[in-house]
Amino acid sequence: MTALSIRWKLTLWYGLVVGLVLLAFSIAVYLMIRQHLLQRIDKGLSEELSDVLFEVRRAKSTNDLTEWLDRRFARHEGFDFQIRSQDGSVFFANPRLGERLLPIPRGLSTAELFNDAQLNGDASFRIVSVMAEGPQGPLTVQVARSLADFRHELGELLSVFALTVPLALVIALGGGYFLASRALAPVQRITDTANRITAERLNERIAVSNAGDELGALSQTLNGMVERLERSFQETRQFTADAAHELRTPLTIIRNETEVALRSARSADEYRHVLESTLEEVERLRRLADHLLLLCRLDAGVDARQRAPIQLNHLLDEVLGHMRLLAQERGIEIKADEIAPAVVTATAEDLRRVFYNLLDNAIKYSHSGSAIEVRAQLRGSECLISVEDTGLGIAPDHLPRIFDRFYRVDAARAESGTAAGLGLSICQSIVRAHGGTIHAESRPGAGTTFYVRLPVTAILPREVAAIHPT
Ligand code: ADP
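In short, a report on the structure. (Residues numbered from 1 in each chain as written. Predicted model: local features only at pLDDT ≥ 70, side-chain atom pairs only at ≥ 80, totals over all residues. Heavy atoms only, no water.)

Once that is clear, we can look at the side chain of Asn357. Tracing the chain through its elements places Asn357 in helix α7 (residues 348-364). Exposure remark for Asn357: the relative accessible area of 19% places this residue in the buried category. Apart from the residues lying within four places of it in its own chain, the contact partners of Asn357 are Gly423, Ile426 and Cys427. (Helix = DSSP H or I, 4+ residues; strand = E, 2+ residues; numbered from the N terminus. Buried < 20%, exposed > 50% of the residue type's maximum accessible area, 1.4 Å probe, protein only. Contact = heavy atoms within 4.5 Å.)

Structure, rendered in structure tokens:
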């Protein structure tokens with residue numbers, strides 16, 4: 001069966017079911033008609049018997065009886081009659097029966113008894129027998145009917161079945177094959193389109209003829225899959241192009257400065273200046289490479305095993321301690337009065353990076369003299385951490401894209417080339433890898449708030465003491 005196509009498998013299953021139904025139906029019809037015909041024969045036999053018995057009972061003498069019987073039953077069309085005396089001798093029999101004796105069933109009484117019998121080898125008869133009181137003692141009265149017609153009718157019925165059942169089966173198989181072909185036609189279309197779709201032709205889609213049926217649902221699922229693939233290919237291409245672009249800028253600077261320096265002899269100070277600038281650009285390249293590697297690692301989701309329960313408030317205290325110094329240099333205050341204790345399962349290094357990035361941005365885009373407010377609140381099974389500044393804010397056009405890789409609201413606004421627009425996308429990747437979410441709300445000119453939601457880890461009190469943010 002494995003080598004057969006679905007079309008043939010469906011057709012054969014359909015044929016098998018139809019065949020079984022036809023067979024059951026034919027057997028039921030055959031048995032019902034047979035039963036009906038037999039009942040009709042028995043009814044006829046009973047009626048004839050009561051006619052004979054009527055004569056037997058009203059006869060006063062044997063002569064009367066013989067005469068009446070002769071007149072009424074000797075040349076009857078469909079039935080044969082035989083009456084025997086108690087000694088077994090034939091008292092009356094119609095001529096067609098001749099010498100043939102109808103067998104008398106055992107245990108016969110005054111109640112009608114039906115049975116079948118073979119006379120002279122092949123002729124089958126249905127017989128009804130009964131004992132009755134004749135004018136001169138008890139008589140065995142029997143009425144018989146040949147079953148030849150009955151057999152013939154059943155034979156005809158069988159030949160009708162023998163002709164129609166295979167015919168119906170052939171029609172059913174043909175119809176089944178046709179229907180299976182029609183139902184499976186879209187599969188071929190899906191296969192053809194799927195074959196055409198390659199990495200270069202991800203814009204192709206499978207035509208959905210009927211969205212409501214199973215194949216329509218399959219087409220839609222495949223289309224959805226191709227769409228996601230297309231998007232992810234597009235993102236990968238964009239990412240590669242952006243990364244190459246980011247790498248080009250420092251490399252071009254290094255090359256230009258070196259070329260200029262090499263054109264003529266320079267003083268030691270000038271060479272020092274070129275080397276310092278080169279070091280700066282190399283540092284920028286190294287940072288970029290680090291960020292790209294980190295993003296690859298997060299995309300691959302390889303570090304999930306290194307996570308451990310971490311006291312989030314301790315980790316925040318540590319990050320805030322470092323960032324306060326940076327903020328003070330800019331005349332910015334960091335407030336952190338509402339930090340609820342919470343335990344999260346995380347890679348401490350990654351989580352620290354999230355809050356360093358968010359605070360670094362908040363400081364970068366705040367005005368001197370303003371304040372940044374950091375909060376951590378427990379919300380059911382989550383911890384909501386917010387970093388709120390009253391700085392430049394982000395315009396609504398840019399807000400949805402700030403988590404995109406290499407996206408900068410305004411390249412000129414970003415600090416002298418160190419920011420590649422990867423900070424927030426790294427934050428997002430880390431938070432998502434930890435089962436959380438990150439989003440931002442902002443009003444241009446009024447400030448920005450970043451919200452990080454992280455699932456908190458249920459922890460036994462005695463374990464808490466062992467948890468440190470390192
Ligand atoms: P970068 O690493 O270049 O800072 P990010 O991914 O961290 O890039 O941020 C993307 C953009 O979002 C930045 O160019 C910046 O304009 C904007 N942005 C991020 N944080 C803030 C903030 N707190 N206030 C205003 N703008 C912000």
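From this point, things continue past the structure.
To continue, consider the sheet that holds strand β4 (residues 123-134). Pairing is antiparallel across the open sheet formed by five strands, whose spatial order is β2-β1-β5-β4-β3. Pairing within the sheet leaves two strands with one partner each, and these edge strands are β2 (90-93) and β3 (113-119). Direction aside, the axes of adjacent strands within the sheet are offset by 25° on average. Of the pairings in the sheet, the one linking strand β1 (residues 79-85) to β2 comprises three bridges and is antiparallel in character. Bridge pairing in β2 links Arg84 to Val90. Sitting on the sheet, helix α2 (residues 62-73) is in contact with β1, β2 and β5 (137-146), with an inclination near 25° to β2. (Pairing = 2+ DSSP bridges. Axes fitted to C-alpha atoms, helices over the stretch in contact; angles between N-to-C directions.)

Before going further, it helps to spend a moment on a nonpolar patch on the surface. A cluster of nonpolar side chains, contributed by Leu4, Trp8 and Leu12, occupies part of the molecular surface with about 250 Å² of accessible area. By secondary structure assignment, the location of Trp8 is in helix α1 (residues 6-58). (Patch = residues over 30% accessible without salt bridge, like charges linked within 9 Å, V, L, I, M, F, W, Y side chains within 5 Å. Areas by Shrake-Rupley, 256 points an atom, 1.4 Å probe, with all protein chains shown as cover. Salt bridge = Lys/Arg side-chain N within 4 Å of Asp/Glu carboxyl O.)

Turning to the environment of Ala308, a few remarks are in order. With respect to the element layout, Ala308 can be found in strand β6 (residues 308-311). Its relative accessible area of 33% is what places Ala308 among the partly exposed residues. Separated by 260 residues in the primary sequence, Ala308 and Glu48 have C-alpha atoms spaced 102 Å apart. The contact partners of Ala308, leaving out residues within four places of it in the chain, are Val344, Thr345 and Ala346.

Sheet strands line up and pair through hydrogen bonds in the backbone, either parallel or antiparallel. If you walk across this open sheet you meet the five strands as β7-β9-β10-β12-β11, and the pairing is mixed. Looking at strand neighbours, the two that pair on one side only are β7 (333-339) and β11 (437-443), the edges of this open sheet. Averaged over neighbouring strand pairs, the angle between their axes works out to 15° when direction is ignored. Here β7 pairs with strand β9 (residues 371-379) via five bridges, running parallel. Residue pairing for β9: Glu338 is matched across the bridge by Arg375.

The final tally for this structure, using the stated rule, is 25 salt bridges. Taking the shortest distance from any N to any O, the salt bridge between Arg284 and Glu281 comes out at 3.3 Å. Taken together, the residues Arg284 and Glu281, both in helix α5 (residues 268-300) and three residues apart, mark about one turn of the helix. The exposure class assigned to Arg284 is buried, which follows from its relative accessible area of 16%. Sharing partners across several salt bridges, the network here consists of Asp51, Glu55, Arg58 and Arg72.

Let us look at the nonpolar core. Within the largest apolar cluster, 52 residues are counted, with the highest numbers of intra-cluster contacts made by Ile334, Phe355, Leu358, Leu359, Ile372 and Ile385. Here this core gets eight residues from one element, more than from any other, and that element is α7. Among residues more than four places away in sequence, those in contact with Ile385 are Leu312, Leu316, Phe355, Arg375, Ala376, Phe450, Tyr451, Val452 and Leu454. (Core = buried A, V, L, I, M, F, W, Y, C linked by side-chain atoms within 4.5 Å.)

A few words now on the packing of α1 against helix α3 (residues 148-196). Between two packed helices, what matters for the description is the angle formed by their axes and the separation of those axes. Their axes nearest at 8 Å, the elements α1 and α3 cross at an angle of 160°. By the criterion of interaxial angle, the relationship of α1 to α3 is roughly antiparallel. For α1 against α3, the interelement crossing comes out right-handed. Each residue belonging to the contact of α1 with α3 can be placed in one class, and the counts come to 25 nonpolar, six polar and four charged. (Parallel < 35°, antiparallel > 145°, perpendicular 65-115°, else oblique. Left-handed = near helix turned anticlockwise from the far one by under 90°. Nonpolar A, V, L, I, M, F, W, Y, C, P; charged D, E, K, R; others polar.)

Most of helix α8 (residues 423-433) sits inside the fold, with eight of its 11 residues counted as buried. Among the residues of α8, Leu424, Ser425, Ile426, Cys427, Gln428, Ser429, Ile430 and Val431 are the ones counted as buried. Note on α8: the residue one or two positions beyond its end, Gly435, has a positive phi of about 80°.

What follows covers α5. Counted at 1.5 Å a residue, the expected span for α5 with its 33 residues is 48 Å, and the 47 Å between its end C-alpha atoms agrees. Taken together, the buried positions of α5 are Val274, Ser277, Thr278, Glu281, Arg284, Leu285, Leu288, Leu292, Leu294, Leu295 and Leu298. Downstream of α5 by a residue or two, Gly301 has a phi angle that is positive, lying close to 60°. (Expected span 1.5 Å × (residues − 1).)

Attention now moves to the packing of aromatic side chains. The full count for this structure, using the stated rule, is four aromatic pairs. Where Trp8 meets Tyr177, the ring centres are 4.8 Å apart and the plane angle is 45°; that geometry is what we call tilted. Of the two residues, Trp8 sits in helix α1 while Tyr177 sits in helix α3, which places them 169 residues apart along the sequence. Summarising the aromatic geometry, the rings of Phe403 and Phe450 are spaced 6.2 Å apart at their centres and angled 85° between planes, so their arrangement reads as edge-to-face. With a gap of 47 residues between them, Phe403 in the loop between β10 (382-388) and α8 and Phe450 in strand β12 (residues 447-455) connect regions that are remote in the sequence. Each member of the pair, Phe403 as well as Phe450, carries the same accessibility label: buried. The ring of Phe79 carries the charged tip of Arg145 above its face, separated from the ring centre by 5.1 Å. Its guanidinium or amino end placed over the ring of Phe239, Arg405 lies 5.3 Å from that ring's centre, counting from NZ or CZ. (Phe/Tyr/Trp six-rings, centres within 6.5 Å; stacked < 30°, edge-to-face > 60°. Lys NZ or Arg CZ within 6 Å of the ring centre and 35° of its normal.)

At a minimum axis separation of 9 Å, α7 and α8 run at an interaxial angle of 145°. With respect to the hand of their crossing, α7 and α8 are arranged in left-handed fashion. From α7, Asp350, Leu351, Arg353, Val354, Asn357, Leu358 and Asn361 reach across to α8, where they touch Gly423, Leu424, Ile426, Cys427, Ile430 and Val431. Within the contact of α7 with α8, the residues separate by chemical class into eight nonpolar, three polar and two charged.

On to the environment of Pro103, then. Mapping Pro103 onto the fold places it in the loop between β2 and β3. Of the residues examined, Pro103 reaches a relative accessible area of 34% and is grouped as partly exposed. If we ignore the near neighbours within four places in the chain, the residues touching Pro103 are Arg84, Ala117, Leu119, Ile127 and Gln142.

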